[in-house]
Amino acid sequence: MTRVILGFLFALAESGLGLGAVVPGEVAISGLAAGLDSTMALVALGAAVAAGAVAGDHIGLVVGRLGGGRLRESRLIHRLGIDRWDKAAGLMQRHGFWAVLASRLLPVVRTVMPVVAGAAGLRYRLFLLASVIGAAGWSAVWVGAGAGIGASGVLDHPWIIAGLAVVAALVIGVRQVLKRRARRRATDPAVVLTYQDA
């Protein structure tokens, strides 16, 4: 029962409280599923994760409806990235239902998409349908991945887990360094002058 409650809370925090912009909840959800060996327990966890994701989406929708267009200029959106907000808004204007549904697969975009849907005034029926379908699919994928990891026996070999954690940390670290360099290059006056002179 504790894993089910934690699964709901992780999905809620991932989808509605912005945790997904910092730490992907998929890791925690798969970790919870990896420790379960009963089909009923996995189904219960999957249902709780989906419910938490839908509840989180609704928090975002309410924030978007109450905040409207003012949200784009907020400190939180500046921290998450105005370009991400604009990308989500563009998707919402063009695709509505499909944008909400597809955003469930995009780690950072899914955190802001419900807010954008609320600010854009997406019809609730479309939002609810997209949220439920997306959350159910997302839950099935990550609970299923955790169950697969648990069944594979990898967890019986801690050195494999440690090696994977080190590789993941290196990949994340290198990615962050490359992002910082790209940002620096984009704002470096010497680079800007070079392009202007050319």
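Residues numbered from 1 in each chain as written. Predicted model: local features only at pLDDT ≥ 70, side-chain atom pairs only at ≥ 80, totals over all residues. Heavy atoms only, no water.

Draft legend 1. A look at the UniProt feature "transmembrane region" (unreviewed entry) in the protein chain. According to UniProt, the positions carrying the feature "transmembrane region" (unreviewed entry) are residues 44-66, 126-147 and 159-178. Helix makes up 100% of residues 126-147 and strand 0%, with an end-to-end C-alpha separation of 31 Å. (UniProt positions renumbered as here; feature names shortened; annotations may be inferred. Helix = DSSP H or I, 4+ residues; strand = E, 2+ residues; numbered from the N terminus.)

Draft legend 2. The arrangement of the pattern of salt bridges in detail. By the definition in use, this model includes one salt bridge. A salt bridge links aspartate 57 to arginine 104, with the nearest nitrogen and oxygen atoms 2.8 Å apart. With aspartate 57 in helix H3 (residues 39-67) and arginine 104 in the loop between helix H6 (97-103) and helix H7 (109-120), this pair connects stretches of sequence that are 47 residues apart. You can call arginine 104 buried: its relative accessible area is 4%. (Salt bridge = Lys/Arg side-chain N within 4 Å of Asp/Glu carboxyl O. Buried < 20%, exposed > 50% of the residue type's maximum accessible area, 1.4 Å probe, protein only.)

Draft legend 3. Fine view of the packing of aromatic side chains. For the structure on display, the rule yields one aromatic pair. Ring plane angle 85° and centroid distance 4.9 Å describe the contact between phenylalanine 97 and tryptophan 98, whose orientation is recorded as edge-to-face. Note on tryptophan 98: relative accessible area 58%, which makes it exposed. We note arginine 104 situated over the ring of tryptophan 138; from NZ or CZ to the ring centre the distance is 5.1 Å. (Phe/Tyr/Trp six-rings, centres within 6.5 Å; stacked < 30°, edge-to-face > 60°. Lys NZ or Arg CZ within 6 Å of the ring centre and 35° of its normal.)

Draft legend 4. Region of interest: a positive patch on the surface. A contiguous patch of positive charge, built from Arg84, Arg175, Lys179, Arg180, Arg181, Arg183, Arg184 and Arg185, is present on the exposed surface. Sort the elements by how many residues they give to the positive patch and helix H9 (residues 158-187) lands first, with seven residues. By secondary structure assignment, the location of arginine 84 is in helix H5 (residues 82-95). (Patch = residues over 30% accessible without salt bridge, like charges linked within 9 Å, V, L, I, M, F, W, Y side chains within 5 Å. Areas by Shrake-Rupley, 256 points an atom, 1.4 Å probe, with all protein chains shown as cover. Lys, Arg positive; Asp, Glu negative; His and termini not counted. Charge placed at Lys NZ, Arg CZ, Asp CG, Glu CD.)

Draft legend 5. Up close: helix H1 (residues 2-16). With 15 residues, H1 extends 21 Å between its outermost C-alpha atoms, agreeing within 8% with the 21 Å of an ideal straight helix rising 1.5 Å per residue. Every buried residue of H1 is accounted for by Gly7, Ala11, Leu12, Ala13, Glu14, Ser15 and Gly16. (Expected span 1.5 Å × (residues − 1).)

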